[in-house]
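# Fold and contact review
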Amino acid sequence: MSTITPAADLGHSHDDHAHGHHELGFFKKYVFSTDHKIIGIQFLFTTMAFLLLGGALALGVRFQLAWPWRTLPVLGEMLFGLEGGQMSPEFYSMLFTMHASVMIFLVIIPILAGAFGNFLIPLMIGADDMAFPVLNMLSYWFMWPAIACFGASFLGGGDFLNGAPAQGWTI
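The structure displayed is predicted, hence computed values, not measured ones.

## What about the packing of helix α4 (residues 89–125) against helix α6 (residues 143–155)?
The contact between α4 and α6 brings their axes to 12 Å, and the two run at 175 degrees. One way to sum up the angle between α4 and α6 is to call them roughly antiparallel. Counted together, M94, M98, S101, V102, F105, L106 and P110 of α4 and M143, I147, F150, S153 and F154 of α6 form the full contact between these two elements. Looking at side-chain class alone, the contact of α4 with α6 contains ten nonpolar, two polar and no charged residues.

## A word on the nonpolar core
The biggest cluster of nonpolar side chains holds 27 residues, and the ones touching the most others in it are F91 and M98. The dominant element in this core, judged by the number of residues it contributes, is α4, at ten residues.

## Quick notes on the confidence of the model for the protein chain
Detail in the predicted coordinates should be disregarded across regions flagged by low pLDDT. Per-residue confidence for the protein chain gives a mean pLDDT of 81; residues scoring 70 or more make up 80%. Element-level mean pLDDT values for the protein chain span from 58 in helix α7 (residues 160–163) up to 93 in helix α2 (residues 36–66).

## Thoughts on the packing of aromatic side chains
For any pair of aromatic rings, the description rests on two quantities: the centre-to-centre distance and the angle between the ring planes. Evaluated as defined, the whole model comprises eight aromatic pairs. Ring geometry for F63 and W67: centres 5.2 Å apart, planes at 50 degrees, overall tilted. Three or more aromatic residues joined by ring pairs form one cluster here, namely F32, F43, Y140, W141 and W144.

## Looking at unusual backbone geometry
At W69, a position not held by glycine, the phi torsion is positive, near 60 degrees. Considering the arrangement of structural elements, one finds W69 in the loop between α2 and α3 (76–79).

## Digging into the layout of surface pockets
By volume, the largest pocket amounts to about 360 Å³. Taken together, 17 residues line the largest pocket, and the ones lying closest to its centre are A56, L72, L75, L79 and L95. Listing elements by their share of the lining of the largest pocket, those giving two or more residues are α2, α3 and α4. A total of five residues in the lining of the largest pocket trace back to one element, the largest contributor, which is α2. Grouping the constituent residues of the lining of the largest pocket by class yields 16 nonpolar, one polar and no charged.

Rules used throughout
- Residues numbered from 1 in each chain as written.
- Predicted model: local features only at pLDDT ≥ 70, side-chain atom pairs only at ≥ 80, totals over all residues.
- Heavy atoms only, no water.
- Axes fitted to C-alpha atoms, helices over the stretch in contact; angles between N-to-C directions.
- Helix = DSSP H or I, 4+ residues; strand = E, 2+ residues; numbered from the N terminus.
- Parallel < 35°, antiparallel > 145°, perpendicular 65-115°, else oblique.
- Contact = heavy atoms within 4.5 Å.
- Nonpolar A, V, L, I, M, F, W, Y, C, P; charged D, E, K, R; others polar.
- Core = buried A, V, L, I, M, F, W, Y, C linked by side-chain atoms within 4.5 Å.
- Buried < 20%, exposed > 50% of the residue type's maximum accessible area, 1.4 Å probe, protein only.
- pLDDT = per-residue confidence, 0-100.
- Phe/Tyr/Trp six-rings, centres within 6.5 Å; stacked < 30°, edge-to-face > 60°.
- 1 Å grid on protein atoms, 1.4 Å probe; cavity = no way out; pocket = protein on both sides within 12 Å on 5 of 7 lines; lining within 4 Å.
- Points joined across faces, edges and corners; volume = space filled by probe spheres on them.

Right, dumping it as structure tokens:
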């Protein structure tokens, strides 16, 4: 008489068999992820880096307001050798404009829509993921050409001091 032995008795479990699922590699899992939580974290870390850049630009603006026509510490002699290390009015306008642009377009908007929107909204509504996960991933990666344009605007025609927009916000 033959008996049928369950798989559990043979030492096999249901989880031992691969059901078409495999472990994703590092780049697929963390760099080019379509998971809304990973994309939200990517936006968060990127905006935190640009928060530091915007904060450094704000320090330059605040230094000029606090001590006008004083030598700028650390970078003054290197950037403003012809002016005796003092920040020129044109550079101040450029600094103010670029600080505001970086903070608005590379910090505030991406952290609200990208980081918090991607991470929290699907969790709040009970969705497993965003509706179009690949498009969601591309929304993060299309931010990098915009960052490159911001970087190129600092350099302008290759001259850092005169290349970035220097009109200010109140003219």
